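Examination of the molecular architecture
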Amino acid sequence: MRRLGPGKLVIASHNSGKVREITELLGPYGIEPVSAAELDLPEPDETGVTFVDNAELKARLAADLSGLPALADDSGLCVDALDGRPGIYSARWAGEDKDFGVAMERVHREMLERDPEAGRSAHFVCALAIAWPDDGQCEIFEGRVDGTLVWPPRGENGFGYDPIFQPIGRDVTFAEMAPADKYAIDHRADAFRKLVAALL
């Protein structure tokens, strides 16, 4: 397996919250993250049917266009009572304006419409893909964190669905946690631990 050395690494995302979180996770390793937005790279259509498909698609495109190694993340919320939705469509549920207030309302509404008595269990999934431009190699790492959904949303930290997700064993949502506490246990951190062990 190829190692990842110090230097520039493209973060194939236009989501500033996600870029910030990945930058903090990579900071200690001498890697200089640069976002796809900073490089004016296009956002590809996420045509994959799994988180892994979409992460790989984004990483390969960013590596090809930038000539640098690229890291892409595809992650989302999977709600048991909604048969795993929104899943790979998690960002799309927030609409063109990326309004996760709208997305959280939709999750809540669809759960009530489906079965008000249904369980509130859910999990976040993260697939990380690192692609290299010269030989087309791509490595994949997956992470997961389980929890329950709360309503109404709570907390001001984090991004996306964090205000309605309470990880198992905690009495606060991701959005109520200090960033360092969230990063220590979330799905992205789980995938990153595997990436660091393999590549760094």
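That block above? That's the structure.
Procedures and definitions
Residues numbered from 1 in each chain as written. Predicted model: local features only at pLDDT ≥ 70, side-chain atom pairs only at ≥ 80, totals over all residues. Heavy atoms only, no water. Helix = DSSP H or I, 4+ residues; strand = E, 2+ residues; numbered from the N terminus. Rg over C-alpha atoms; globule rule 2.2 N^0.38 Å. Buried < 20%, exposed > 50% of the residue type's maximum accessible area, 1.4 Å probe, protein only. Areas by Shrake-Rupley, 256 points an atom, 1.4 Å probe, with all protein chains shown as cover. Lys, Arg positive; Asp, Glu negative; His and termini not counted. Salt bridge = Lys/Arg side-chain N within 4 Å of Asp/Glu carboxyl O. Polar contact = N/O pair within 3.5 Å; in protein donor to acceptor, adjacent residues only side chain to side chain. Contact = heavy atoms within 4.5 Å. Pairing = 2+ DSSP bridges. Expected span 1.5 Å × (residues − 1). Arc of directions from axis to C-beta.

Time to look at the overall build of the protein chain. Per the secondary structure count, the protein chain includes 5 helices and 6 strands. Mapped in sequence order, the helices and strands of the protein chain form the string β-α-β-α-β-α-β-β-β-α-α. The globule rule puts the C-alpha radius of gyration for 200 residues at 16 Å, and the 17 Å found for the protein chain is close to it. Across its three principal directions, the C-alpha atoms of the protein chain cover 55 × 30 × 25 Å. A total of 200 residues make up the protein chain; the buried ones form 48% of that total. When the accessible surface of the protein chain is split by element, carbon and sulfur atoms take 50% of a total near 9,400 Å².

Glancing now at the side chain of Glu-139. Mapped onto the fold, Glu-139 is located in strand 5 (residues 138–149). One buried charge, Glu-139, has no salt-bridge partner; the nearest side chain with opposite charge is Arg-2, at 8.5 Å. Polar side-chain contacts of Glu-139 include one of 2.8 Å to the side chain of Gln-137.

Note that the residue after Arg-85, namely Pro-86, is joined by a cis bond; omega there is 0°. Considering the arrangement of structural elements, one finds Pro-86 in the loop between strand 3 (70–79) and helix 3 (100–114). One non-glycine residue, Asp-40, lies in the positive phi region at around 60°. Relative to the assigned elements, Asp-40 resides in the loop between strand 2 (31–35) and helix 2 (51–66). In the Ramachandran plot, Lys-98 falls in the positive-phi region, its phi being about 55° despite a non-glycine side chain. As for its position among the elements, Lys-98 is in the loop between strand 3 and helix 3.

Among the structural elements, Arg-3 can be located in the segment before strand 1 (7–11). Through-space distance from the C-alpha of Arg-3 to that of Asp-190 is 19 Å; in sequence the pair is 187 residues apart. Excluding anything up to four places from it in sequence, Arg-3 contacts Trp-132, Ala-197, Ala-198, Leu-199 and Leu-200. Separated by 2.9 Å, the side chain of Arg-3 and the backbone oxygen of Ala-198 make a polar contact.

What follows deals with the pairing of strand 5. Here strand 4 (residues 121–131) pairs with strand 5 via 11 bridges, running antiparallel. Paired with Ala-127 across the strands is Glu-142, a residue of strand 5. Linking strand 4 to strand 5, which pair antiparallel, is a turn of 6 residues; within it Gly-136 sits at a positive phi near 75°. As defined by bridge partners, strand 5 adjoins strand 6 (residues 165–167) across 3 bridges and the pair is classed as antiparallel. Looking at the pairing, Gly-147 lines up with Pro-167 of strand 6.

Moving on to the pattern of salt bridges. The tally for this structure, following the rule as stated, stands at 16 salt bridges. In this structure, Asp-74 and Lys-58 form a salt bridge, with 3.0 Å as the shortest nitrogen-oxygen distance. Note that Asp-74 is positioned in strand 3 and Lys-58 in helix 2, a separation of 16 residues in sequence. Here Arg-114 and Asp-83 are joined by a salt bridge, their closest N and O atoms 3.0 Å apart. Of this pair, Arg-114 sits in helix 3 while Asp-83 sits in the loop between strand 3 and helix 3, and the two are 31 residues apart along the sequence. Given a relative accessible area of 40%, Arg-114 falls into the partly exposed group. Sharing partners across several salt bridges, the network here consists of Arg-2, Asp-134 and Asp-135.

Another aspect to go through is helix 2. With 16 residues, helix 2 extends 23 Å from end C-alpha to end C-alpha; this agrees with the ideal 22 Å at 1.5 Å per step. Those residues of helix 2 not exposed but buried are Phe-51, Asn-54, Ala-55, Lys-58, Ala-59, Ala-62 and Ala-63. Relative to the axis of helix 2, the buried residues are bounded by an arc of 155° and lie together on one face. The elements touched by buried residues of helix 2 are strand 1, strand 3 and strand 4.

Purely geometric stuff here, so don't read any function into it on its own.
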